[in-house]
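Secondary and tertiary structure notes
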Amino acid sequence: MLDVEPEIAVTYTNYFQNEQDVHKTYIDMYAKIREVYFQYQLQPHHKMGLVYDQCNEYYSYANELKSLSVEAFKKVAGTSWILHYNVIFQSNLILDNLYRVQDLPKDRENFYKGHCYFAKGLMYYEIARRWGNAPITRDAKSIDPLGRSDAKVVLDTALSNALRAFDLLKNYDEAVDYNGQKLKKYYAHKGAAAALLANIYAWKGGLFNDSDAYEEAEKYCTLIIENKVGIYKMVDTPEEVCSVVMDRMSSESVFELLNSSIDFGFTTGRFSPGINFHIGANYGYGGYPLNPFGSLSNNQYENLYLIKNDRVKKIWGDEDLRRAAYFWKFDEMAEADNEVTGGYAYPYFWRKPLLDAAWVPAEMINVDGNKIFWRLAEIYLLKAEALIMQGTISQGVKAMNIVRNRACNQGTVKDMFTSQGDASYTYQEGSVMMIPEDISANNALKELMYERLRELAAEDDCGWLDVARFPDIAMKDLEDICRYRDPLQFYAPYGDPARGEYLWHLFNDEKVYRVLMPIPFTELSFFPEMKQNPGY
């Protein structure tokens, strides 16, 4: 009997013949990961996670997104989990077929396995945070209808994959790719896996009040901070955060995603929602000063998001060096003519514009820089959270103060604190002096939420997810500092701040849908036995 392999048809058996075949599939897997995060800027949760006062978005359902309406979820591609499962499928495809590759050395096999487990861990982590209960796929071949596993099972699946990745991956400066080149930080490595594990454990700890999970989160943060899984170092100033870190491949970066011109959506996709502070609704005319073809007066009409000078002052005080770094000529422009500025600040988180030369004059269509997925300052803040939640408040405050210290104007001497209720300390608005180490756990968490906002204001959707984990901390004393702490205050008839309806009420059964996203409606049509999240 002849065993004839088809010469034209591409099958699993005739494709995975050598490492080059695996490498191509691995490269495609990372392209699919980037596609996931191109879509995240569309998610309604991003609208709630950014601090802004005016939205000039050009599509008709912007207000629906801001109010997290059911109809908005039906319209936005970023609310579907299909892209996440595309990555999981691609990862399983490699894992299921590595054994077919002839003469693949064990270290190269482990290289690809490590990256696949990292990708699966990252996707299940994101799925658990956004949808809660979700399907767990078995392999790349199964087509059986899937039910939804409990959110804890989804998180544990993320965890098991991330642990495998951590065991298999090398430090970024030790690993080499298929071509023998040293690996860049926009591919998975041991430090990235440690950061993923720290985040999964912290999310699990916050969601299920699990102190053991927080102990593990602290452990993996410490590995990164102590350079046990690669060499990482915070840059010296907030100005360098914008000019160096937010570009690409800095010492502070732990993991990035490549901003690649070969990807679909490269020109219009937004890796981070804060990029929309720099982009005009009609591309060519907003985004000053990052956009060299914009103008001072156009921002108030063109920028997708706008933030008032008064709000900037409340969040970043006079002595906070981040204010001068994150907002262009802030003190000068805050005193400029309102007819020109509209009373809005000029965000300057990114420093390199991506211009489209096909237009005359060229249009700014995006920022030029990688997505900084995790950086060392954020790891310090995550460690602070883990320590505070374990009850070691003073150690958590010390970790937080490392980030604050970079933002301090060391010449200031005024006290930071005024009375905040259950601890004997005071807070002076506008100061960034160190936090006392003897404050209560509740106040330490409040200060942590403030600090994450100040440090990470334009990055990812940490604002919304912070509140999702700590709804009881998102109370009235944060309302004026941080707009997203009470999204209901702007969208009648859902809430009236005068009646004291704050974000934690969203966790009541009838409003939980504002925390989790709906199961994609296309999935429900294919698998009617799959139950929708409450409220949708």
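For the structure itself, consult the block above.
Residues numbered from 1 in each chain as written. Predicted model: local features only at pLDDT ≥ 70, side-chain atom pairs only at ≥ 80, totals over all residues. Heavy atoms only, no water.

Points about the overall build of the protein chain
Regarding its fold elements, the protein chain presents 21 helices and 6 strands. Sorting the 536 residues of the protein chain into buried and exposed places 60% on the buried side. If you take every contact in the protein chain between residues at least 6 apart in sequence, the share linking residues at least 24 apart comes to 68%. Looking at the protein chain as shown, the accessible area adds up to about 21700 Å², and 51% of this sits on carbon and sulfur atoms. (Helix = DSSP H or I, 4+ residues; strand = E, 2+ residues; numbered from the N terminus. Buried < 20%, exposed > 50% of the residue type's maximum accessible area, 1.4 Å probe, protein only. Contact = heavy atoms within 4.5 Å. Areas by Shrake-Rupley, 256 points an atom, 1.4 Å probe, with all protein chains shown as cover.)

A look at the packing of helix 9 (residues 190–208) against helix 10 (residues 211–225)
Close contact between helix 9 and helix 10 brings their axes to 8 Å; oriented N to C, the two are set at 155°. Considering their axes alone, helix 9 and helix 10 lie roughly antiparallel with respect to each other. In this structure, the crossing between helix 9 and helix 10 has a hand that is left-handed. Here Gly 191, Ala 194, Ala 195, Leu 197, Ala 198, Tyr 201, Ala 202, Lys 204, Gly 205 and Gly 206 of helix 9 lie close against helix 10, whose contacting residues are Ala 213, Tyr 214, Glu 216, Ala 217, Tyr 220, Cys 221 and Ile 224. Per-class residue counts for the contact of helix 9 with helix 10 are 12 nonpolar, 3 polar and 2 charged. (Axes fitted to C-alpha atoms, helices over the stretch in contact; angles between N-to-C directions. Parallel < 35°, antiparallel > 145°, perpendicular 65-115°, else oblique. Left-handed = near helix turned anticlockwise from the far one by under 90°. Nonpolar A, V, L, I, M, F, W, Y, C, P; charged D, E, K, R; others polar.)

Remarks on helix 10
Between its terminal C-alpha atoms helix 10 stretches 21 Å, which fits the 21 Å expected from 15 residues at 1.5 Å a residue. Taken residue by residue, helix 10 has Ala 213, Tyr 214, Ala 217, Tyr 220, Cys 221, Thr 222, Ile 224 and Ile 225 as its buried positions. Its side-chain oxygen placed 3.0 Å from the backbone nitrogen of Asp 212, Asp 210 serves as the N-cap of helix 10. Phi turns positive one or two residues past the end of helix 10, at Asn 227, with a value near 60°. (Expected span 1.5 Å × (residues − 1). Polar contact = N/O pair within 3.5 Å; in protein donor to acceptor, adjacent residues only side chain to side chain.)

Thoughts on the pattern of salt bridges
Under the criterion given, the structure shown has 27 salt bridges. When the shortest N-O distance is used, the salt bridge between Arg 351 and Glu 239 registers 2.5 Å. Highlighted residues: Arg 351 in the loop between helix 16 (338–341) and strand 4 (353–356) and Glu 239 in helix 11 (residues 238–245), separated in sequence by 112 residues. Look at the salt bridges and you will find they share partners, linking Glu 252, Asp 320, Arg 322, Arg 375, Arg 404, Arg 406, Glu 451, Arg 454, Glu 455 and Glu 459 into a network. (Salt bridge = Lys/Arg side-chain N within 4 Å of Asp/Glu carboxyl O.)

Describing the nonpolar core
Ranked by size, the top nonpolar core spans 104 residues in total, and within it Tyr 26, Tyr 37, Phe 118, Leu 122, Ile 224 and Trp 374 carry the most contacts. With 13 residues, the single largest contributor to this core is helix 7 (residues 106–131). Every residue in contact with Leu 122, bar those within four places of it in the chain, is listed here: Ile 33, Tyr 37, Leu 196, Phe 373 and Trp 374. The next biggest cluster of nonpolar side chains, apart from the first, holds 34 residues, and it includes Val 241, Val 245, Ala 345 and Trp 350. (Core = buried A, V, L, I, M, F, W, Y, C linked by side-chain atoms within 4.5 Å.)

Digging into helix 6 (residues 82–97)
With 16 residues, helix 6 extends 22 Å from end C-alpha to end C-alpha; this agrees with the ideal 22 Å at 1.5 Å per step. Burial analysis of helix 6 places 12 of its 16 residues in the buried class, the great majority of the element. Every buried residue belonging to helix 6 is among Leu 83, His 84, Tyr 85, Val 87, Ile 88, Gln 90, Ser 91, Asn 92, Leu 93, Ile 94, Leu 95 and Asn 97, and all of these are buried.

Some thoughts on unusual backbone geometry
Cis geometry marks the peptide bond from Tyr 288 to Pro 289, where omega comes out at 5°. With respect to the helices and strands, Pro 289 occurs in the loop between strand 2 (253–257) and helix 12 (299–302). The backbone phi angle of Asn 227 is positive, close to 60°, even though this residue is not glycine. Residue position: Asn 227 is located in the loop between helix 10 and helix 11. The backbone phi angle of Lys 329 is positive, close to 45°, even though this residue is not glycine.

A short note on the packing of aromatic side chains
Overall, the coordinates contain 28 aromatic pairs when judged by the stated rule. With a centroid separation of 5.6 Å and 20° between ring planes, the pair formed by Tyr 26 and Tyr 187 is classed as stacked. Taken together, the positions of Tyr 26 in helix 2 (residues 19–39) and Tyr 187 in the loop between helix 8 (151–168) and helix 9 put the pair 161 residues apart, joining distant regions of the chain. Relative to Phe 373, the ring of Tyr 37 has its centre 5.0 Å away and its plane inclined at 85°; by these criteria the two rings are edge-to-face. With a gap of 336 residues between them, Tyr 37 in helix 2 and Phe 373 in strand 6 (residues 371–375) connect regions that are remote in the sequence. (Phe/Tyr/Trp six-rings, centres within 6.5 Å; stacked < 30°, edge-to-face > 60°.)

Some details on the environment of Gly 230
Along the chain, Gly 230 turns up in the loop between helix 10 and helix 11. Overall, the relative accessible area of 2% leaves Gly 230 in the buried class. Residues Gly 230 and Val 254, spaced 24 residues apart in sequence, show a C-alpha to C-alpha distance of 8.7 Å. Residues contacting Gly 230, with those up to four places away along its chain left out, are Asn 171 and Tyr 172.

Considering the pairing of strand 2
Of all 5 residues making up strand 2, 5 are buried, and the element is well covered by its neighbours. Across 4 bridges, strand 2 lies against strand 6 in antiparallel orientation. In the sheet register, Leu 257 faces strand 6, and the bridge partner there is Lys 371. (Pairing = 2+ DSSP bridges.)

Section: the packing of helix 2 against helix 6
For the pair helix 2 and helix 6, the least separation of the axes is 9 Å and the interaxial angle reads 165°. By the angle between their axes, helix 2 is roughly antiparallel relative to helix 6. Note that helix 2 runs across helix 6; the crossing there is left-handed. In contact with Val 22, Thr 25, Tyr 26, Asp 28, Met 29, Lys 32, Ile 33, Glu 35, Val 36 and Gln 39 of helix 2, helix 6 contributes Leu 83, His 84, Asn 86, Val 87, Gln 90, Ser 91, Leu 93 and Ile 94.

Remarks on the pairing of strand 5 (residues 363–367)
Summarising burial for strand 5: 5 of the 5 residues are buried, a large majority. Where strand 4 meets strand 5, 4 bridges bridge the pair, whose relative direction is antiparallel. In the sheet register, Pro 353 faces strand 5, and the bridge partner there is Val 367. Connecting the antiparallel pair strand 4 and strand 5 is a turn made up of 6 residues.

In short, the description is geometric, and any link to function would need to be established separately.
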